[in-house]
Amino acid sequence: MKNLDSFKPGCRVLHQAFGKGSIIEAVSAKERNSKHDQVRVKFDSGTTKWLALEYARLVLLDENDEAAPQGGSSAPWPDATFVFEQEGVEHYLGSHWEPFFDDSKELFCRLPEIMPAALLPACYGDNRKAPREIPSDWPKGFHLCWPLRVRGLGTTECIDDENKLLNLVSLYPFWAEGSQARLTIKQVKVWHGGCEAQITAGWGDAEVCFFDTQFMANRAWYEADRACEFVLTGIAYNAAPAPHRTTTITHTPETLAKINALLMQDGREPIEAEQEVIFDGAAIFLPIGEWDVDDYSFRAAIKEVREFDDFLGQKGWRVRATVMRAIGLETDDADLTIVITRRAWCGDTPPQVGLDIEGRLWLQGFMIYH
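Given the structure is predicted, the values throughout are model-derived calculations rather than measurements.

Visitor: I keep staring at the environment of leucine 355 and nothing clicks. Help me out?
Guide: Tracing the backbone through its elements, the reader meets leucine 355 in the loop between β19 (334-341) and β20 (356-369). Once the C-alpha coordinates of leucine 355 and aspartate 280 are considered, the two residues, 75 residues apart in sequence, prove to be 9.6 Å apart. Beyond its immediate stretch of four places on either side in the chain, leucine 355 contacts Pro241, Ala300, Ala301, Ile302 and Trp345.

Visitor: When you look at the sheet that holds strand β4 (residues 48-52) in this model, what are you seeing that I'm missing?
Guide: Taken together, the 5 strands give an open sheet; going across it, the order is β4-β3-β2-β1-β5, and neighbouring strands pair in antiparallel fashion. Each edge of the sheet is formed by a strand with only one pairing partner; in this case those strands are β4 and β5 (59-60). Taken together, the 5 bridges between strand β3 (residues 38-43) and β4 define a ladder with antiparallel strand orientation. Bridge assignment links glutamine 38 to a residue of β4, and that residue is alanine 52.

Visitor: Even after reading the chapter, I still don't get the sheet that holds strand β8 (residues 151-160), so can you show me in this structure?
Guide: Strand pairs in the sheet, formed through backbone hydrogen bonds, run parallel or antiparallel to each other. Across the sheet, 3 strands lie side by side as β7-β8-β9; this open sheet has antiparallel pairing. Every other strand in the sheet has two partners, leaving β7 (140-147) and β9 (165-175) as the edge strands with one partner each. Ignoring strand direction, the axes of neighbouring strands in this sheet form an average angle of 25°. Of the pairings in the sheet, the one linking β7 to β8 comprises 8 bridges and is antiparallel in character. Bridge assignment links proline 147 to a residue of β8, and that residue is glycine 152.

Visitor: In this structure, what is going on with the nonpolar core? I would like to understand it.
Guide: Generally speaking, a soluble globular protein has its nonpolar side chains buried in company with each other. Counting residues in each nonpolar core, the largest one holds 48 residues, and the members touching the most others are Trp203, Phe285 and Ile340. When sequence neighbours within four positions are dropped, the list of residues in contact with phenylalanine 285 reads Val208, Tyr296, Ser297, Phe298, Val323, Met324, Leu336, Leu361 and Leu363. One finds Leu93, Phe100, Leu153 and Tyr237 within the second-largest nonpolar core, a separate group that totals 25 residues.

Visitor: Explain the pattern of salt bridges here, please?
Guide: Think of it this way: side chains of opposite charge can pair up when their charged atoms draw near. Considering all chains together, one arrives at 17 salt bridges under this definition. Note that arginine 182 and glutamate 229 form a salt bridge whose closest N and O atoms lie 3.1 Å from each other. Remark: glutamate 229 occurs in strand β13 (residues 227-241) and arginine 182 occurs in strand β10 (residues 179-190); sequence separation between them is 47 residues. The exposure class of arginine 182 is partly exposed, given its relative accessible area of 47%. Since its relative accessible area comes to 15%, glutamate 229 is described here as buried. Arginine 299 is the salt-bridge partner of aspartate 280, the closest N and O atoms lying 3.8 Å from each other. Separated by 19 residues along the polypeptide, aspartate 280 in the loop between β15 (274-278) and β16 (284-287) and arginine 299 in strand β17 (residues 295-311) bring together distant segments of the chain. Judged by its relative accessible area of 44%, aspartate 280 is partly exposed. Through salt bridges with shared partners, a single ionic network connects Lys303, Glu304, Arg306, Arg320 and Asp335.

Visitor: Would you explain the packing of aromatic side chains in this entry?
Guide: In this description, an aromatic ring pair is defined by two values, namely the gap between the centres and the angle between the planes. All told, the structure shown has 21 aromatic pairs when counted by the stated rule. Their ring planes at 65° and their centres at 6.3 Å tell us that tryptophan 97 and phenylalanine 100 sit as a pair that is edge-to-face. Here tryptophan 97 and phenylalanine 100 have matching classes, each one buried. Over the ring of tyrosine 124 we find arginine 128; its NZ or CZ atom is 4.0 Å from the centre of that ring.

Visitor: Quick question: what am I supposed to make of the environment of phenylalanine 211 here?
Guide: Take phenylalanine 211: it is sitting in strand β12 (residues 206-212). The spacing of phenylalanine 211 and threonine 200 is 11 residues in sequence and 9.2 Å in space, taken between C-alpha atoms. Apart from residues no more than four positions distant in its own chain, phenylalanine 211 is found in contact with Tyr172, Trp191, Glu196, Ala197, Gln198, Asp294, Trp362, Leu363, Gln364 and Gly365.

Visitor: Even after reading the chapter, I still don't get the pairing of β10, so can you show me in this structure?
Guide: For a regular strand, side-chain orientation follows a simple rule: the groups alternate between the two sheet faces. With 9 of its 12 residues buried, β10 lies for the most part within the structure. One ladder, built from 3 bridges, connects strand β6 (residues 82-84) with β10; its direction is parallel. The residue of β10 that forms the bridge with phenylalanine 82 is valine 188. If you look at the hairpin formed by β10 and strand β11 (residues 197-203), you'll find 6 residues sitting between the two strands, and glycine 193 has a positive phi there, around 110°.

Visitor: I would appreciate a short explanation of the side chain of threonine 341 in the present structure.
Guide: Structurally, threonine 341 can be placed in strand β19. Within the structure, threonine 341 has its side chain in polar contact with the backbone oxygen of proline 99 (distance 2.8 Å). Sequence-distant contacts of threonine 341, defined by excluding residues within four places in its chain, comprise Pro99, Phe100, Phe308, Gln314, Lys315, Gly316 and Trp317.

The rules behind these values
- Residues numbered from 1 in each chain as written.
- Predicted model: local features only at pLDDT ≥ 70, side-chain atom pairs only at ≥ 80, totals over all residues.
- Heavy atoms only, no water.
- Helix = DSSP H or I, 4+ residues; strand = E, 2+ residues; numbered from the N terminus.
- Contact = heavy atoms within 4.5 Å.
- Pairing = 2+ DSSP bridges.
- Axes fitted to C-alpha atoms, helices over the stretch in contact; angles between N-to-C directions.
- Core = buried A, V, L, I, M, F, W, Y, C linked by side-chain atoms within 4.5 Å.
- Buried < 20%, exposed > 50% of the residue type's maximum accessible area, 1.4 Å probe, protein only.
- Salt bridge = Lys/Arg side-chain N within 4 Å of Asp/Glu carboxyl O.
- Phe/Tyr/Trp six-rings, centres within 6.5 Å; stacked < 30°, edge-to-face > 60°.
- Lys NZ or Arg CZ within 6 Å of the ring centre and 35° of its normal.
- Polar contact = N/O pair within 3.5 Å; in protein donor to acceptor, adjacent residues only side chain to side chain.

Rendered as structure tokens:
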């Protein structure tokens, strides 16, 4: 875990997505009434961001703006890839049932009939020779799904060799027919107990974190700085038509000068310092500060809609929408499959192509190709 004392105002840092910058403020979790220590960084690009120190993967720079080797370039596997949480860190899997039930106890009461009918999911790591040995002290386990391999209830089971038992570690809704994306693994955060994890990865120009629904099966293939194919799905806690929204911003003289210099290179008219910004058609995908790191708020225009009849008893829609725009020519826009149950939908009419929607979702995924 990074020490806040080492990341003081004035320190130069490097972020894998945003580049180099300077810390202008450092605040402890207690001061901000938050779970994590946070730093405010002004990047050389002009962007200023608050970042949770534990997850930001900031690298301190020396007086020459040079960084020591990090991640997979210097540390051996698995230390370069996996970070293990300490006991007491909280995650809120119970909140993931809100789009489905008033009370998730009704699901737990059905477990005696569900578990005997559960299926083994199709995982990348099945029947393949792993590229490396899992450390012997890591727990062993597997995943099950019900009632279908493509969607429903997912479970993580841990094998207790000593007592010859199976321990049910967690239950969660899962949707396997999501959006395929090529991601660069940055870090795998393993929860206390060693059977569940969240993956932080580069997606185009941005960085995302998602719950790994097949961690126990695929972990031997994970390697920091390695690009792999994943399937990502956002399960909406809530979603609704996005209202027409505008705001007025005032550019600093430095920013205004940069913008107008670029415009004039293209033979276009310069802009004024004060501008009205319209959100129609915007693609916005932001972590929710006080929630878990795989929870996001979004605003996106729908590109495709498909109805479903039964996802753990709920009807609803699977939509494909652009949640992030590419900054440069080397990456594509980020399209995400978002699953919206009728219980989670807050509109008077169903979602449709072209509609701007906004809401909050839980991001999950699994690896399909190394």
